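Residue-level structural notes
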Amino acid sequence: MAVSYPHCLQSLRVTSRTRLFVSNVDFWRGNRIVKSYSPVSASSKKPHQDLSLEAKVETLLDSVKWDDKGLAVAIAQNVDTGAVLMQGFVNRDALAATISSRKATFYSRSRSKLWTKGETSLNFINIHDIFLDCDHDSIIYLGKPDGPTCHTGSETCYYSSVFDFLKNSQGEESSNLALTTMYSLESTIAQRKAELASPQNGKPSWTKRLLLDDKLLCSKIREEADELCRTHEENEDKSRTASEMADVLYHTMVLLSLKEVKMEDVVQVLRLRFSQSGIAEKKSRAAQG
């Protein structure tokens, strides 16, 4: 089944006859930062669809409930993992620049200017969609990062768990990324894999046994996949299906770890297939092979 990935706002086209609607701000074009000048009315030769698009963007910007300083909170989120990458502030021009450039752009309160994430490090956040909350006073930049988001080199800016801090007798901050369940599991599997490099004492964990025995691992994946199918064939209840799917997912993720493939890579493949029919996708695989 073909599924189109929705973009509520398309990027603006800029030609020799048109100028962007944002005023006096920097934005990213190609591989350099360029300056946009004060807004002007569209020329008579400008396509009607561009006029309509600019009107839509202006309407959207007007709908945001900016605070008394003309700002709103913007949260950047990884489109594939769901990880919250960072939080910043945006004003009208920053949001307009993000829509037109498809690069996450914020407003620096300390420097009183716009800045595009990655303009120095080249670790841009490439925007796939932008969402406003129900009150139109906060924004999500849904995008794909080119590299670590945090200035510390961390994948995200969120790695200090409050509960870990409270449990730590020394009152030290943790360095565990804020991960959803599936990616926490992936991290644990990676940790077990790393531990194999050290001398092993006692009976190995099940994960380590799977990592050390290819035949055992592959047989378990086939076994769990068959049991998952049987929950459908034998009309078992939903909880049984969920349980068997969890087994399939866990054992498959162990195999992915051995192949050094991340779940994010798998999810990205799925996302890229959204706008392609299954038949066309299979044909493309045959052509590549």
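Side note on the sheet that holds strand 4 (residues 84-90)
Backbone hydrogen bonds hold the strands of a sheet together, and the pairing may be parallel or antiparallel. Spatial ordering of the open sheet is given by 4-3-8-7, a layout of 4 strands whose pairing is mixed. Each end of this open sheet is capped by a strand with a single partner; those strands are strand 4 and strand 7 (125-132). Strand-to-strand, the axes of this sheet are offset by a mean angle of 25°, without reference to chain direction.

A word on the confidence of the model for the protein chain
Chain-level statistics for the protein chain give a pLDDT mean of 84 and a share of 77% at 70 or above. Considering only residues more than four positions removed or in separate chains, one finds that residues 1-45, a stretch of pLDDT under 50, has 94 contacts.

Comments concerning the packing of aromatic side chains
This model, assessed by the stated rule, comprises 2 aromatic pairs. Between Phe106 and Tyr141, the ring centres sit 5.4 Å apart and the planes meet at 55°, which makes this aromatic pair tilted. Here Phe106, found in strand 5 (residues 105-108), pairs with Tyr141, found in strand 8 (residues 138-145); they are 35 residues apart in sequence, far enough to count as distant. Here Phe106 falls in the buried class, since its relative accessible area comes to 0%.

Notes on the pairing of strand 6 (residues 113-116)
The alternating pattern of strand 6 places Leu114 and Thr116 on a buried face, while none of Lys113 and Trp115, on the opposite face, is buried. Linkage of strand 5 to strand 6, two consecutive antiparallel strands, is achieved through a turn of 4 residues, within which Ser112 is found at a positive phi near 55°.

Details of the pairing of strand 5
Of the strand pairs in this sheet, strand 5 and strand 6 are connected by 4 bridges, and their pairing is antiparallel. Paired with Ser108 across the two strands is Lys113, which belongs to strand 6.

Describing the packing of helix 4 (residues 181-195) against helix 8 (residues 263-272)
Relative to each other, helix 4 and helix 8 sit at 140°, their axes nearing to 10 Å. Here helix 4 is positioned oblique relative to helix 8, judged by the angle of their axes. Contact residues: Met182, Tyr183 and Glu186 in helix 4; Met263, Glu264 and Val267 in helix 8.

Quick look at the nonpolar core
Ranked by internal contacts, the top residues of the largest apolar core, which has 22 residues, are Val90, Leu95, Phe106, Ile125, Ile130, Ile139 and Tyr141. Of all the secondary-structure elements, those providing two or more residues to this core are helix 1 (48-63), strand 3 (72-78), strand 4, helix 2 (92-101), strand 7 and strand 8. The element that contributes the greatest number of residues to this core is helix 2, accounting for 4 residues. Residues contacting Val90, with those up to four places away along its chain left out, are Trp66, Gly70, Leu71, Ala72, Ala74, Leu95, Thr105, Phe106, Tyr107, Ile139 and Tyr141. Of all hydrophobic cores here, the second largest spans 12 residues; its members include Tyr183, Ile221, Tyr250 and Val254.

Cut-off values and rules
Residues numbered from 1 in each chain as written. Predicted model: local features only at pLDDT ≥ 70, side-chain atom pairs only at ≥ 80, totals over all residues. Heavy atoms only, no water. Pairing = 2+ DSSP bridges. Helix = DSSP H or I, 4+ residues; strand = E, 2+ residues; numbered from the N terminus. Axes fitted to C-alpha atoms, helices over the stretch in contact; angles between N-to-C directions. pLDDT = per-residue confidence, 0-100. Contact = heavy atoms within 4.5 Å. Phe/Tyr/Trp six-rings, centres within 6.5 Å; stacked < 30°, edge-to-face > 60°. Buried < 20%, exposed > 50% of the residue type's maximum accessible area, 1.4 Å probe, protein only. Parallel < 35°, antiparallel > 145°, perpendicular 65-115°, else oblique. Core = buried A, V, L, I, M, F, W, Y, C linked by side-chain atoms within 4.5 Å.

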